[in-house]
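# Inside the fold
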Amino acid sequence: MKRHVVIVGAGIIGASIAYHLSVLGMKVTVIDAEGPAAGASGSSDGAVAIATKSPGCLMNLALQSKAYYSELSGSEGPLSDVYHQRSTFLVATNDTEVTFVTEQAESLRQAGASLRALDGAALRNILPELRNNIPLVLEIREEGHALGYDVVQHFLKNCDVTIRRNTKVTALDMPAGSNRCIGVRTPDGVFAADDVVVAAGLGSSRLIPQVDIRAERGQLIITERSKVASSFPGALFFASYLAAKSGLIDQASQTADGPDGAALVIDPLSTGQLLIGSTREPSDDPAHTEFAAVQHILKQAVDYLPALHDLNVIRVFAGIRARTADGLPVVGQVPGCDGLWVATGFAGDGICLAPLVGRELANMMNGNNTFPDFTSLGPARLGAAWSAT
Ligand SMILES: Cc1cc2nc3c(=O)[nH]c(=O)nc-3n(C[C@H](O)[C@H](O)[C@H](O)COP(=O)(O)OP(=O)(O)OC[C@H]3O[C@@H](n4cnc5c(N)ncnc54)[C@H](O)[C@@H]3O)c2cc1C
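No experiment lies behind these values; they were computed from the predicted model shown. Along each chain, residues carry numbers from 1 onward, in the same order as the chain's sequence is written. Residues qualify for local features only when their pLDDT is at least 70, as the model is predicted, and side-chain atom pairs are given and counted only at 80 or more; totals for whole chains, interfaces and linings, by contrast, use all residues.

### Re helix H10 (residues 350–365)
At 3.6 residues per turn, the α-helix brings residues three or four places apart onto the same side. The line we're drawing: Fitting axes to the seven residues ending at a residue and to the seven starting there, one defines the bend at that residue as the angle between these axes. The way it works is that DSSP assigns letters per residue, a run of H or I at least four long becomes a helix, a run of E at least two long becomes a strand, and they are numbered from the N terminus. Backbone-placed C-beta atoms define the burial measure: a residue is buried with 20 or more other C-beta atoms within 10 Å of its own, exposed with 12 or fewer, and partly exposed in between.
The largest bend in H10 is about 35°, located at Leu356. Summarising burial for H10: 14 of the 16 residues are buried, a large majority. One or two positions beyond H10, positive phi appears at Gly367, with a value near 85°.

### Describing the nonpolar core
Rules: Residues enter a nonpolar core if they are buried, belong to Ala, Val, Leu, Ile, Met, Phe, Trp, Tyr or Cys, and are joined to the set through C-beta atoms within 7 Å. What counts as a contact is two residues whose backbone-derived C-beta atoms lie within 7 Å of each other.
Counting 118 residues, the largest nonpolar core has Ile7, Val8, Ile17, Ala18, Leu90, Val196 and Val197 as the members making the most contacts within it. For this core, the element with the highest residue contribution is H10, accounting for 9 residues. Residues contacting Val197, with those up to four places away along its chain left out, are Val5, Ile7, Val8, Ile17, Trp341 and Ala343.

### Quick notes on the domain arrangement of the protein
Put simply, the rule reads: Segmentation into domains, and thus their bounds, comes from an automatic or database assignment. Each residue gets one of three labels, nonpolar for Ala, Val, Leu, Ile, Met, Phe, Trp, Tyr, Cys and Pro, charged for Asp, Glu, Lys and Arg, and polar for the others, Gly among them.
Structurally, the protein comprises domain 1 (4–42 + 150–212 + 327–382) and domain 2 (85–144 + 214–323). The centre of domain 1, based on its C-alpha atoms, is set 31 Å off from the matching centre of domain 2. Looking at side-chain class alone, the side of domain 1 that touches domain 2 contains 4 nonpolar, 5 polar and no charged residues.

### Section: the site of the ligand
Test applied: Being near a molecule or strand means, for a residue, that its C-beta atom, positioned from the backbone, comes within 6 Å of it.
Around the ligand, the structure places 43 residues, and the nearest of them are Gly11, Gly39, Gly203, Gly218 and Gly350. At the level of secondary structure, the elements contributing two or more residues to the shell around the ligand comprise helix H1 (12–23), strand S12 (214–223), strand S16 (313–323) and H10. Each residue belonging to the shell around the ligand can be placed in one class, and the counts come to 18 nonpolar, 18 polar and 7 charged. Two domains each put at least three residues into the shell around the ligand: domain 1 (4–42 + 150–212 + 327–382) and domain 2 (85–144 + 214–323).

### Observations regarding helix H9 (residues 291–304)
For clarity, the threshold we go by: Under the convention used throughout, the expected extent of a helix is 1.5 Å for every residue step, that is, one less than its residue count.
Compared with an ideal rise of 1.5 Å per residue, which puts 14 residues at 20 Å, H9 spans 20 Å between its outermost C-alpha atoms and is within 8% of the ideal. The set of residues buried in H9 consists of Ala293, Val294, His296, Ile297, Leu298, Gln300 and Ala301.

### With respect to the sheet that holds strand S17 (residues 330–333)
Through backbone hydrogen bonds, the strands of a sheet pair up, either in parallel or in antiparallel fashion. Note the following rule: Strands are treated as partners if at least two bridges between them are detected by DSSP. Comment: axis = line fitted to C-alpha atoms, over the contacting stretch for helices; angle = value between 0 and 180 degrees taken between N-to-C directions.
As summarised here, the arrangement of the 6 strands in space is S7-S2-S1-S11-S18-S17, forming an open sheet in which the pairing is mixed. The sheet is open, and its two edges are formed by strand S7 (161–164) and S17, each paired on a single side. Each strand axis lies, on average, 20° off the axis of its neighbour in the sheet, ignoring direction. Relative to S7, strand S2 (residues 27–31) runs parallel, the two being bridged by 4 bridges. Following the sheet pairing, Thr29 is matched in S7 by Thr162. Sitting on the sheet, H1 touches strand S1 (4–8), S2, S7, strand S11 (195–198) and strand S18 (340–344), and the angle it makes with S2 is about 170°.

### Considering the confidence of the model for the protein
Our working definition: The quantity known as pLDDT measures the predictor's confidence residue by residue, on a range of 0 to 100.
This prediction gives the protein a mean pLDDT of 92; 94% of its residues lie at or above 70. A low-confidence stretch, residues 252–261 (pLDDT under 50), is modelled with 13 contacts involving residues beyond four sequence positions or located in other chains.

### Here's the deal with the sheet that holds strand S9 (residues 183–186)
Pairing within the open sheet is antiparallel, and its 3 strands lie in the order S8-S9-S10. Lying at the two open borders of the sheet, with one neighbouring strand each, are strand S8 (171–172) and strand S10 (189–192). Examined bridge by bridge, S9 and S10 share 4 bridges and lie antiparallel to one another. If you follow Val184 over to S10, its bridge partner there is Phe191.

### As for the environment of Arg131
The topology assignment puts Arg131 in the loop between helix H4 (120–126) and strand S6 (136–145). In the structure, Arg131 is positioned 67 residues away from Gln64 in sequence and 34 Å away in space, judged by C-alpha atoms. Discounting chain neighbours no more than four positions away, the residues touching Arg131 are Tyr304, Leu305 and Pro306.

### Thoughts on the environment of Leu156
The residue Leu156 is located in helix H5 (residues 148–157) in this model. Taking the C-alpha atoms as reference, Leu156 lies 42 Å from Leu136; in sequence the two are 20 residues apart. With residues up to four places along the chain from it excluded, the contact list for Leu156 reads Ala15, Ala18, Pro36, Val161 and Ile163.

### Re the pairing of strand S4 (residues 84–92)
In terms of burial, S4 is largely enclosed, as 7 of its 9 residues are buried. Relative to strand S13 (residues 234–238), S4 runs parallel, the two being bridged by 5 bridges. Each bridged residue has a counterpart across the sheet, and for Leu90 the counterpart in S13 is Phe237.

### Re the packing of H1 against H10
To keep things clear, this is the line we draw: Note that the term roughly parallel is reserved for angles under 35 degrees, roughly antiparallel for angles over 145, roughly perpendicular for angles of 65 to 115, and oblique for everything else. Crossings are assigned a handedness: left-handed for a near helix turned anticlockwise from the far helix by less than a right angle, right-handed for a clockwise turn.
The interhelical angle for the contact between H1 and H10, taken along N-to-C directions, is 40°, at an axis separation of 8 Å. Judged by the angle between their axes, H1 and H10 are oblique. Here H1 runs over H10; the crossing is right-handed. Residues Ile12, Ile13, Ser16, Ile17, Tyr19, His20 and Leu21 of H1 form the contact with H10, whose participating residues are Gly350, Ile351, Ala354, Pro355, Val357, Gly358, Arg359, Leu361, Ala362 and Met365.

This is how it looks when you write it as structure tokens:
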């Protein structure tokens, strides 16, 4: 009989794990409280970028995942037409940011990224919309973009898995006195399994309370289609975005009239629209966007790219990032509990890392070795006593 795995969560992480387990010949059931891509994976940007990753483990994994996206998006691959290659541009707007971006460039070089610093003339050729007197722009080549919900749909439709929508997992099924997880409980009954993977994003802590997940909202803006947008050669990430991502700026303390340099990202979509973001505030409410925050982001965007002034905004929305205390995802077998695995806490990096994480967690579950970087993501590092609810 085939080994049966139940995956809790049909976001990009659960979908990638499902695809890779199914390729290995396992029977897979994916259970979601709502449906595929109902969480962060359906409300995010889709930058597949090493440029914005913290040096070390995350940067190394992003490099591998980026290469794997290219492989999966070949004409026969499950992600064909979903992943689009383009450059990332890191923009420094003052001397402090030049120092910051120069340090990031050094880390990127050491990690093996292909990059170049642009002088004024090269910059105007590539990005004529950017205002003058920008002291440094770094181009990181061979980066890419994929919409989270597209990746989810393609992984799930290209493999043989059963999907249960509108089914909330309320608890793990652990027989009293046992250290083995044998399935999950839902209002519709128990789903028995040989293994359970919790890939439930923000919902993961409810099932495994030792994984401490904090909610961080991000607000995003979509413009109409325009020539300006389609002329963009890649995504612009301002140094302030890098600083906010790595916790150097406490963005929650910023106001509409706050410090110059929102954590600004301007990302051209394949539709000819621009996605502009983003905020980082402690909130688990994706239903609300705030006028002041949106105004602040747009003001910064127009300040650096005056040509955006005449574009219409057609949509504003928010998504919730699931962040762990140390900012790193948690991926691996739950110590002290046979048959229980976890992959969560991807914060702002899950779209980028999902293909690699899916492949490598499936390998781990199949008893094969994975990259050493995954060892540092294991749940054992959290040091808590493990017991499932
Ligand atoms: C504003 C914003 C911008 C972002 N930009 C980028 C970017 O440019 N690049 C990048 O790499 N990443 C980005 N991210 C991060 C990325 O979106 C996330 O890391 C990724 O989507 C997480 O995927 P996931 O599968 O872990 O979680 P989710 O997509 O949240 O999926 C979890 C699923 O579990 C389900 N679930 C929860 N609890 C239960 C339960 N008890 N029972 C059953 N189902 C349950 C939910 O319904 C949900 O469908 C961004 C995020 C935001 C919010």
